[in-house]
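Descriptive structure summary
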Amino acid sequence: IDNLNQIASEFSRFAKMPSLKIETVDMLAVIYDTVNMFIHEKTSIKVFTEIDKAVVDADLSQLRRMFINLIRNAMQAEATSITIDVKSDHDKFKVNISDNGKGILDSEKDQIFDENFTTKKQGMGLGLSLAKRFITSIGGEIKLNSSSPTGTVFEIIFPAKNINVAPKNE
């Protein structure tokens, strides 16, 4: 066990997030592109939103990686349905990712964002910890809203890109 922990720690240090390349990104477009990657899977993935764009300052590859990881986690939890709901809330965007998978045990909920924590036989325990580090680094947050044997809901909050818009002439 000590050797495995050491190997996992070494891999974790190796896998540290590269320096971020922050750019203006339409998060909604990234979500749609990511969902399209899973179009041939058995799991149904639906995106609901009433907005056309969700412009944020983020690292495009880290953003995509985070959404891929959350979708894969839901699939590995035997979800047959995943819903991604994107809402605008003043100066931020709220993204709720819901699934109907087997959920997270109460005893594990406090550990899911810890580095090297995994419940999977082949997992490294890096996905959610890297997602949290990334979101925090751009001024957002990720949290587990709820989880039960009938599904899980993660909420991710992104600060909206501050775009100066000229006031309308009245």
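Focus on the packing of aromatic side chains
- Across all of its chains, the model carries two aromatic pairs by this definition.
- Centroid distance Phe-67 to Phe-158: 6.3 Å. Interplanar angle 35°. Geometry classified as tilted. In this pair, Phe-67 sits in helix H3 (residues 60-76) while Phe-158 sits in strand S7 (residues 151-159), placing the two residues 91 residues apart along the sequence. Across this residue pair, the class does not change: Phe-67 and Phe-158 are buried.
- Aromatic side chains Phe-113 and Phe-154 sit 6.2 Å apart centroid to centroid with 85° between the ring planes, which places their arrangement in the edge-to-face category. Of this pair, Phe-113 sits in the loop between strand S5 (92-99) and helix H4 (127-137) while Phe-154 sits in strand S7, placing them 41 residues apart in sequence.
- For Phe-113, a relative accessible area of 18% gives the class buried.
- The ring of Phe-113 is capped by Lys-132, whose NZ or CZ atom sits 4.9 Å from the centre of that ring.

A short note on H4
- Here H4 has its buried residues at Leu-128, Ser-129, Leu-130, Ala-131, Phe-134 and Ile-135.
- Where H4 ends, the next residue or the one after it, Gly-139, has phi of about 85°, a positive value.

Looking at unusual backbone geometry
- Non-glycine residue Glu-78 carries a positive phi angle of around 70°.
- Looking at where Glu-78 falls in the secondary structure, it is placed in the loop between H3 and strand S4 (81-89).
- Despite not being glycine, His-90 shows a phi value in the positive range, around 60°.

Overview of the confidence of the model for the protein chain
- Here the protein chain averages 85 in pLDDT, while 79% of its residues score no lower than 70.
- Counting interchain partners and residues more than four positions distant, the pLDDT-below-50 stretch residues 164-170 has zero contacts.

Thresholds, definitions, all that
- Residues numbered from 1 in each chain as written.
- Predicted model: local features only at pLDDT ≥ 70, side-chain atom pairs only at ≥ 80, totals over all residues.
- Heavy atoms only, no water.
- Phe/Tyr/Trp six-rings, centres within 6.5 Å; stacked < 30°, edge-to-face > 60°.
- Helix = DSSP H or I, 4+ residues; strand = E, 2+ residues; numbered from the N terminus.
- Buried < 20%, exposed > 50% of the residue type's maximum accessible area, 1.4 Å probe, protein only.
- Lys NZ or Arg CZ within 6 Å of the ring centre and 35° of its normal.
- pLDDT = per-residue confidence, 0-100.
- Contact = heavy atoms within 4.5 Å.

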